[in-house]
Amino acid sequence: MEHTLAAETAVDTNLAAVSDSLIIAMIVAYAIALFLFAVEAAYGRRRRLRANRLMPAGAAAARGAAEPAAVGAAGSAGAAGSGAAPGTGGMADLDAEDDMRVRMRREEPEPSAAQHVVGRIALVVTALGLLLNAGQIATRGMAADRWPWGNMFEFVVAICLCSVAAFLYAAIRYQARFLGTFVLLPVLVLLGIAARWLYSEAGPVIPALHSYWIAIHVSAAIIATGGFMVAGAGAIAYLMARRTEIRRAAGERVSGVAAKLPDSELLDRVSHRFIVLAFPLWTFAIIAGAVWADEAWGRFWGWDPKEVWSFITWVAYAAYLHARATAGWRGSKATWIGLIGFGCLLFNFFAVNYLFSGLHSYA
Amino acid sequence: MPTESASATAPGTAAPRPPRDRPEAPRLSALGWARWAWRILTSMRTALILLFLLAVGAIPGSMLPQRGVSVEQVRNYFLEHPDLAPWLDRFYLFDVYSSPWYAAIYLLLFVSLTGCVLPRAAAHYRAMRARPPRTPRNLERMPYSATFTTAAPPERVVEAARALLRRHRIDTAEEPGGARALAAETGYLRETGNVLFHLALLALLIALGAGSFLGYRGNMLVVEGDGFANTLTSYDAFFPGTAVDEGDLQPFSFTVEEFQASFIEEGDLSGQAAAFSADLSYRAAPDAPEQRHHLAVNHPLSVDGAQVYLLGHGYAPEFRVTNAEGDVVFDQPVPFIAREETAFTSDGVIKVPDAGEEQLGFTAVFLPSAAEGSDGELVSTFPDPRNPVVTLTGYQGDLGMDDGRSQSVYQLYTDDMRELGESPELSPGDTWELPDGAGTVTFTGYRDYISMQVNSDPSRVPALAAAATAVLGLLATLFVRPRRAWVRARPSEDGRTVVEVAGLSKTENAALTAEFHRFATSLRDRLRETPATDTGTKE
């Protein structure tokens, strides 16, 4: 028999204090960014977006948007400003010598979004907030000398980090800056809940969490959650834009933020794209969790409430992917299924820990 | 399965529609019904509904206690809700995941998925071996098409296109009038991944089923210094699979040599174990060489296809009991169950059936770090044994062990016993003289015990392989973009060659239009670089 006192109880209090003050700093940064994004959404002028992976190329190429877009857009690939005509099914002479004509069966609506100079500033402030967020997590991990996700507070902060990172990726890669308000609002609510109710001091965790699997399983789940968050924000924006379009088609005048949203098709694509990115990661997180459970708890699947709800979430998103690929389900119906999946994800994250007793209790 | 063209009816089940709305033929043959049922069952919509039901059916299992997880909690639920619980039990709501209705969903899904996937796999196999579809007559009908002229002859156009379309499957054809056509296709991996993903899910379902059939699980407590042999009687609780019997237990054995624990002393988490582990020496079989293993949470022992896990730990105080005649009738450690984990206040029961004329029994509380609480009560303040103290309550009479009913070792049945009184606080070495000269109890010391689990599940590795395959298939399904491209080059009257390029994407993706356009322009540029070989008016 050998009983000792844990040596690693020593928490670096200075670093922990730095970490705690960074929480405030990052909340302030995100709040400023949210305000600026809201200003852009409300007062920006609709402007065309450059073509990219999610946005139709024809229209952008037509205007001779020759500068190489971040994603290697279509039009710029041609040698001498070749491209398609803007009109529906239109043809244009592109190269006098070779008589190149391009024809596209379906001319897609031109992607555009409300833009304002403060949007760029907001992006910079968001990036700053992200750095503070990352710093907070790193200092907390160093202070407690362990992987910095072991309790609810740390999960929420890490999910916010991944959501904002996923949003920045969307903003840079797909020019989806218009999602700023939709992502930062839930992020700030989550951070508020974390700071007010979930806060716990930096410290060690229970032995079951002493494993390198925490870095694999929990990280994958957190990153996937960040992706699903952006997808959920895109889904809600889609539903708003879709309603606006229906009302417009009915001859109503629409004003306000909803009127300035981008084309609903584009929002649907952004939302879908992030579910496509997050879904395999979520699958991997579940499998990694099963491998860890096999090692720590003696079974790889034991119908623990957390396992059950992660499975339900998985099924909901799988149903979304099927529905979106099925004629007649694309659009609002599929989007609602995706939102149900997001609801299951949030339920799994919050409710399962507090309502049911299970092995995943670290609240 | 996510594919644009997926209809409600799976391919390969294109049986003739059973006659409908024909009054003269209302009866459907048995075969017709079977076909109809099969088609409904194997449609994608049914598969999705079943998947959805599998998820919804799992919900009650997460809200109600389950026997498979904790029999104790189910028993408590019955006590708390005496009216509701029997009704819930009638619907198997305390055994959701092994209930007939859940198995029905699971099996129907299995059949549906099989009927969905196998024809898809066969169709894909044929498509992989087939040549790319012929170049259509009118390329301008394609979602993307481009036309340009070049000085290069048709053969060179096709050659240049072939060089540009790397990693495509390519077919070329000569058409009347000296024209050449090229058809190219790529991205077969998407459907391969799709089929692979669904087959892997089937394999996973099979593995899970096989595991509950061929595997077993058992729990036990082992006191430090004691040994364990893998036989049925060594377990405190044993849950065998349907096809497991006693002879299937692997013949390993081990001894718990030493237990170590470290506890957090300060802060909010004071008393929480920072780590605990045990050193084992084990043999895979009685005649196998002895090996050692450091057993810890997250570090199980793998032996002969079984896994041995460390779940928890506790104290086993040692007692020596003498009867009225002064004979030693009991001398062994007794595992106590911790009430809580932050100070390890533990409860236990000592049963002494061979005490003489009347049996002895004790309920006891063990405090590893005893101290006086605020209200004068003795409490434990820390899980480490800093000031171990035991208090006992003694009983004399009939333990009720002889009537054949099984008893919990953690419960004393005092119906046929009378209380002897309570002991003073005993430290190690202290002896309590029982009232009425009934004997003595000595608290001789204490040892650690560990709670363990043994798991044997032959389906673990196949299940993991299936799951990993599913992820790979999923990645291919989601990220490979199947597409077709066509090129037709025909000589025109002015001596130049007219080149038509067309592209068709099988998935929605705005980037592919851009890719087709890039292909068309690169083809044009490449041909422009070609030195003129004929008399054509070259730029």
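Since we're looking at a predicted model, the values are computed, not measured.

1. Notes on the overall build of chain B
Then comes step 1: Looking only at helices and strands, chain B features nine helices and 23 strands.
Then comes step 2: The C-alpha atoms of chain B give a radius of gyration of 38 Å, which is well past the 24 Å a tight globule of 539 residues would have.
Then comes step 3: Across its three principal directions, the C-alpha atoms of chain B cover 125 × 70 × 55 Å.
Then comes step 4: The buried share of chain B, taken over its 539 residues, is 47%.

2. Focus on the overall build of chain A
Then comes step 1: Looking only at helices and strands, one finds ten helices and four strands in chain A.
Then comes step 2: Reading chain A from its N end, one meets helices and strands in the order β-α-β-α-β-β-α-α-α-α-α-α-α-α.
Then comes step 3: Looking at chain A as a whole, 60% of its 363 residues qualify as buried.
Then comes step 4: Taking contacts inside chain A between residues at least 6 apart in sequence as the whole, the part at least 24 apart equals 77%.
Then comes step 5: Accessible surface, chain A: about 14,800 Å² in total, of which carbon and sulfur atoms supply 64%.

3. Structural notes on the sheet that holds strand β13 (residues 337–338) of chain B
Strands pair in a sheet through their backbones, by hydrogen bonds, and they do so in one of two ways: parallel or antiparallel.
Residue and element names in this part refer to chain B.
Then comes step 1: Spatial strand order, β13-β14-β15-β18-β19: five strands in an open sheet with antiparallel pairing. Edge positions in the open sheet fall to β13 and β19 (417–422), since each of these has one partner strand only.
Then comes step 2: Summarising the sheet, strand β15 (residues 359–367) and strand β18 (residues 389–397) pair through nine bridges and their orientation is antiparallel. Bridging from a neighbouring strand, Q359 pairs with G397 of β18.

4. Quick word on the confidence of the model for chain B
Residue and element names in this part refer to chain B.
Then comes step 1: In the predicted model, chain B carries a mean pLDDT of 85, and 92% of its residues have values of at least 70.
Then comes step 2: Looking at the elements of chain B, mean pLDDT is at its lowest for helix α9 (residues 510–529), recorded as 83, and at its highest for helix α8 (residues 460–479), recorded as 94.
Then comes step 3: Predicted confidence is poor over residues 1–20, with pLDDT under 50, and the contacts of this stretch with residues over four places away or in other chains come to 46 contacts.
Then comes step 4: This model gives residues 534–539 a pLDDT under 50, and the stretch forms eight contacts once residues within four places in sequence are excluded.
Then comes step 5: Here the complex is predicted with pTM 0.82, and the ipTM for its interfaces comes to 0.82.

5. Overview of the sheet that holds strand β22 (residues 483–491) of chain B
Then comes step 1: Overall, antiparallel pairing links the six strands, which are arranged β3(A)-β1(B)-β23(B)-β22(B)-β3(B)-β2(B) in an open sheet. In this open sheet, the two strands that pair with only one neighbour each are β3 (101–104) of chain A together with β2 (169–175) of chain B. Across the sheet, the mean angle from the axis of one strand to that of its neighbour is 15 degrees, orientation sign disregarded.
Then comes step 2: Here strand β1 (residues 144–150) of chain B runs beside strand β23 (residues 497–505) of chain B; their pairing, made up of seven bridges, is antiparallel. Within the sheet, the bridge partner assigned to S145 of chain B lies in β23 of chain B and is A502 of chain B.
Then comes step 3: Helix α6 (residues 154–164) of chain B contacts β1, β2, β3 (179–186), β22 and β23 of chain B of the sheet and is inclined by roughly 10 degrees relative to β3 of chain B.

6. Considerations on the pattern of salt bridges
Then comes step 1: Enumeration according to the criterion identifies 28 salt bridges over all chains in this entry.
Then comes step 2: A salt bridge links E154 of chain A to R140 of chain A, with the nearest nitrogen and oxygen atoms 2.6 Å apart. Remark: R140 of chain A occurs in helix α3 (residues 117–144) and E154 of chain A occurs in helix α4 (residues 152–173); sequence separation between them is 14 residues. A single burial state applies to E154 of chain A and to R140 of chain A, both of which are buried.
Then comes step 3: Residue R120 of chain B is joined to E191 of chain B by a salt bridge in which the shortest nitrogen-to-oxygen separation is 2.8 Å. You can see R120 of chain B sitting in helix α5 (residues 100–129) and its partner E191 of chain B sitting in helix α7 (residues 189–214), a full 71 residues away along the chain.
Then comes step 4: For E191 of chain B, a relative accessible area of 19% gives the class buried.
Then comes step 5: Salt bridges here are not isolated pairs; linked through shared partners, they connect E265, D268, R269, R324 and R330 of chain A.

Parameters at a glance
Residues numbered from 1 in each chain as written. Chains lettered and ligands numbered in written order. Predicted model: local features only at pLDDT ≥ 70, side-chain atom pairs only at ≥ 80, totals over all residues. Heavy atoms only, no water. Helix = DSSP H or I, 4+ residues; strand = E, 2+ residues; numbered from the N terminus. Rg over C-alpha atoms; globule rule 2.2 N^0.38 Å. Buried < 20%, exposed > 50% of the residue type's maximum accessible area, 1.4 Å probe, protein only. Contact = heavy atoms within 4.5 Å. Areas by Shrake-Rupley, 256 points an atom, 1.4 Å probe, with all protein chains shown as cover. Pairing = 2+ DSSP bridges. pLDDT = per-residue confidence, 0-100. Axes fitted to C-alpha atoms, helices over the stretch in contact; angles between N-to-C directions. Salt bridge = Lys/Arg side-chain N within 4 Å of Asp/Glu carboxyl O.

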